[in-house]
Amino acid sequence: MVTMEAPADEEFLLALLNTTPTVNGQRRDLLAEDADARRWLVERLGEASAPADLGRLRGTRDTLQRVVAQEAGPEELEDALVEVARRPRMSGSGVEWHLDAPPGTEVPARAVLAWDALQRSARSRLRRCANPDCSLYLIDRSKSGNARWCSMTTCGNRMKARRHYGRLKADEAAGG
Ligand SMILES: [Zn+2]
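Residues numbered from 1 in each chain as written. Predicted model: local features only at pLDDT ≥ 70, side-chain atom pairs only at ≥ 80, totals over all residues. Heavy atoms only, no water.

As a further point, take helix α4 (residues 106-121). End to end, α4 covers 22 Å across 16 residues, agreeing with the expected 22 Å (1.5 Å per residue, within 8%). By the criterion of burial, α4 is predominantly enclosed, with twelve of the 16 residues buried. Within the sequence span of α4, burial applies to Glu106, Val107, Pro108, Ala109, Arg110, Ala111, Val112, Leu113, Ala114, Trp115, Leu118 and Gln119. (Helix = DSSP H or I, 4+ residues; strand = E, 2+ residues; numbered from the N terminus. Expected span 1.5 Å × (residues − 1). Buried < 20%, exposed > 50% of the residue type's maximum accessible area, 1.4 Å probe, protein only.)

Here it is as structure tokens:
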């Protein structure tokens, strides 16, 4: 049973979505090998983190990616919540919510609950990077709500440069 921490789980959700980066035009899966996936989990959730059913974690990630891309409906995430319960407990500061989940299912369930909380608090602020050659996601925390790149220093500048280059080519073609 774990205490749920919304901001931490939000970061975890984003990190999970970003485990399939595109490197040199190839989509890579950082969780493809069990040993790599376990190391990745320990880095993010700590040594004491509950062991995760890695197959379920990968499946939940794939579905979450499709839901964010609007290629699947949220109901397809149901599998990640089977037998999962949230229990309130009193603490010195009030009610704390704990997640009660069968062995191996806690981590994917937390990712789905974090996705849901994000949807409710900041609708559609979780999105895919606008660079078509990039397969990463971002949580838009800008005031204007129009952040488009996973990272300004990589994708943002690259896409701006490409647009600039595209304009130069168009000018050349027009004889300018
Ligand atoms: Zn990107």
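There is more to say, and it comes next.
As a further point, take the packing of helix α2 (residues 34-45) against helix α3 (residues 54-68). Their axes nearest at 11 Å, the elements α2 and α3 cross at an angle of 75 degrees. For the element pair α2 / α3, the angle class is roughly perpendicular. In this structure, α2 uses Asp34, Ala37, Arg38 and Leu41 to contact α3, whose residues at the interface are Leu54, Leu57 and Arg58. (Axes fitted to C-alpha atoms, helices over the stretch in contact; angles between N-to-C directions. Parallel < 35°, antiparallel > 145°, perpendicular 65-115°, else oblique. Contact = heavy atoms within 4.5 Å.)

As a further point, take the confidence of the model for the chain. Averaged over all residues, the pLDDT of the chain equals 88, while 88% of them reach at least 70. Mean pLDDT per element in the chain: strand β1 (residues 2-3) is the minimum at 58, and α3 is the maximum at 96. (pLDDT = per-residue confidence, 0-100.)

Mapping leucine 41 onto the fold places it in helix α2. Separated by 29 residues in the primary sequence, leucine 41 and phenylalanine 12 have C-alpha atoms spaced 9.5 Å apart.

Protein coordination of the zinc ion is provided by Cys129 (SG), Cys134 (SG), Cys150 (SG) and Cys155 (SG), with donor distances spanning 2.3 to 2.4 Å. Coordination at the zinc ion is tetrahedral: its four donor atoms span angles of 103 to 118 degrees at the metal. In primary-sequence terms, the residues that donate to the zinc ion follow C-x4-C-x15-C-x4-C. Residue cysteine 134 is found in the loop between β6 (126-128) and β7 (137-139), and its partner cysteine 155 is found in helix α5 (residues 152-173); the two are separated by 21 residues along the sequence. Take cysteine 134 and cysteine 155: they sit in the same class, and that class is buried. (Donors = N, O, S within 2.8 Å, 3.2 Å for Na, K, Ca; no water. Tetrahedral: all angles 85-135°; square planar, octahedral: opposite > 155°, others 65-115°.)

Moving on, we come to α2. The terminal C-alpha atoms of α2 lie 16 Å apart, and with twelve residues this matches the ideal 16 Å at 1.5 Å per residue to within 8%. Within α2 the residues assigned to the buried category are Ala37, Trp40 and Leu41. End-on, the buried residues of α2 take up no more than an arc of 100 degrees, which puts them together on one face. Glycine 46 lies just past α2 and shows a positive phi near 90 degrees. (Arc of directions from axis to C-beta.)

Counted under the stated rule, the structure contains 13 salt bridges. With a shortest N-O distance of 3.3 Å, arginine 44 and glutamate 43 are connected by a salt bridge. Arginine 44 sits in the partly exposed class, given a relative accessible area of 38%. A relative accessible area of 58% places glutamate 43 in the exposed class. Arginine 61 is the salt-bridge partner of aspartate 62, the closest N and O atoms lying 3.1 Å from each other. (Salt bridge = Lys/Arg side-chain N within 4 Å of Asp/Glu carboxyl O.)

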